[in-house]
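Structure at a glance
The primary structure of each chain is shown beneath.
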Amino acid sequence: MSVKIKSIACIGGGTIGHSWATLFAAKGYNVTVYDVNHKILKTAMERVKFSADFLAEKGLITKEDVEGVLNRINTTTDMKECVKEADYVQESVSENYRIKQEVFSEIDKMNDIAIIASSTSGLLMTKIQKATQKPERCIVAHPWNPPLLLKLVELVPGEKTSEETVQITYNFMEKLDKIPVVVKKEVPGFIGNRLQGALWREALSLVENGVASVEDIDRAVLAGPGARWSIMGPFLTIHLGGGPGGLKHQIDNIQQAISDLYKSMDDWKFIPYHAAKKAIEQVEDLPMVKKKPFPEIVKWRDDKLVKILELQEK
Ligand SMILES: NC(=O)c1ccc[n+]([C@@H]2O[C@H](COP(=O)([O-])OP(=O)(O)OC[C@H]3O[C@@H](n4cnc5c(N)ncnc54)[C@H](O)[C@@H]3O)[C@@H](O)[C@H]2O)c1
C-alpha cells in the first residue's frame, strides 16, 4: 500500500464526487475523475469550476488557483485509465450494494496499491469488500455534503480492513484539513446519519400527523436546537441545559417527561408513502424552493456554511 498519497482517482463525478475532486485539486493533488459518459463528466467539470470560483470568491483560494484546480483534474470514461496510477481512490457512485461491489471489484483488479475508500452514507464495508481480493485496503470515508466545505469524514473499517489502512486514511484526511472520526463498531448510517435519521423520522411524523408544517418545522429547528448544534453536540447541549448539576441533574429531571415523549413517537421502519407525499408537496411549495433555481439555493447554503465554519474555528 502506498503511504505517500500523490495521485487520486475519483469514481463518480456527481454531487459528492465532483466536490471531493475540487477539494483534492485545491489541496494540490492530481485527480482523475471517472464517470459513465462524457456528458456527465462535462457537467461534473462545470460544477468543479463553479465550486472553485466559489472558493476564490470566499478568499479560500486565490483567483490564479482556480486555473490550477481545473488543470489538476482530468476526466475519463475508462475506469482503468482513471485508477491505474492512483495511490488513493475515492468511490462516490450510487448508494447500492450491487453497484458498489461491482465497482470495488473492478478497481481491485486494475490497481494493486491504492487505498479504496467509499463515500457511502451508510452501507457496510464488510459487505462491499467481499467483492475484492484485497479487502484489507478498503474502507468507508464518508464525507458530509458538500465535502469541499464540511470537515467531518466518518472512517468506518469493515471486518477485513487493516489498521494500516485506517491510519493512512486518517492521516490523509487530516492533511486535507478534514476532521476524521473512526467509527469503532460498524453500524448502518454510522454516527451522523443515524442521528439525522432519528430526527428526520420524527420531522416526517410531525408533518404526517398534522402537528406542524414543513416550513414551521424547518424554522423551529433553525431558530432553536439547530442554532446550538452549530457550535456543540447533543451531549454538551443537554449538559448545559441541566444547569450547574449538568447532564446527571437533567436526566433525573426529565426522566418522566421523556418517557411520555418516547411513548408518543412513531417508530416507523420505513418511510410511509403518505408522509413522503405530504412532505414533498410542502417542500416544493416552500417560498425559497419556488423562487430560486437549485444552484442559487446551493450557493446561498454554502455562503452561510462558510460563515459558520469560520465561527466554529474561533
Ligand atoms: N448527496 C449527499 O448528500 C451525500 C453525502 C455524503 C455521501 N453521499 C454518498 O456519496 C455517494 C454518491 O452520492 P451522490 O449524491 O454524489 O450521487 P449522484 O447520483 O449525484 O452521483 C453518482 C455518480 O456516480 C456515477 N457512476 C459512476 N459509475 C457508476 C456505476 N457503475 N453505477 C452507477 N453510477 C455510477 C453516476 O453516473 C453519477 O454521476 C453515495 O454513496 C452517497 O450515499 C452522498
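Right, let's walk through the structure included here. (Residues numbered from 1 in each chain as written. Predicted model: local features only at pLDDT ≥ 70, side-chain atom pairs only at ≥ 80, totals over all residues. Heavy atoms only, no water.)

1. Description of the pattern of salt bridges
Under the definition given, this model contains 20 salt bridges. In this structure, R137 and D108 form a salt bridge, with 2.8 Å as the shortest nitrogen-oxygen distance. Of this pair, R137 sits in the loop between α6 (125-128) and β6 (138-143) while D108 sits in helix α5 (residues 97-110), and the two are 29 residues apart along the sequence. Classification of R137 as buried rests on a relative accessible area of 2%. In this structure D108 comes out as buried when scored by relative accessible area, which is 3%. (Salt bridge = Lys/Arg side-chain N within 4 Å of Asp/Glu carboxyl O. Helix = DSSP H or I, 4+ residues; strand = E, 2+ residues; numbered from the N terminus. Buried < 20%, exposed > 50% of the residue type's maximum accessible area, 1.4 Å probe, protein only.)

2. Things to note about the site of the ligand
In the vicinity of the ligand lie 21 residues, with I16, D35, E95, K100 and S121 positioned nearest. I16 has a polar backbone atom sitting 2.8 Å from an oxygen atom of the ligand. One of the backbone N or O atoms of V93 is found 3.3 Å from an oxygen atom in the ligand. For the ligand, whose free accessible area comes to 830 Å², the fraction covered by protein is 73%. In terms of residue count, α5 provides more of the shell around the ligand than any other element does, 3 residues in total. Here the residues of the shell around the ligand are counted per class, giving 8 nonpolar, 10 polar and 3 charged. (Near = heavy atom within 4 Å. Polar contact = N/O pair within 3.5 Å; in protein donor to acceptor, adjacent residues only side chain to side chain. Areas by Shrake-Rupley, 256 points an atom, 1.4 Å probe, with all protein chains shown as cover. Nonpolar A, V, L, I, M, F, W, Y, C, P; charged D, E, K, R; others polar.)

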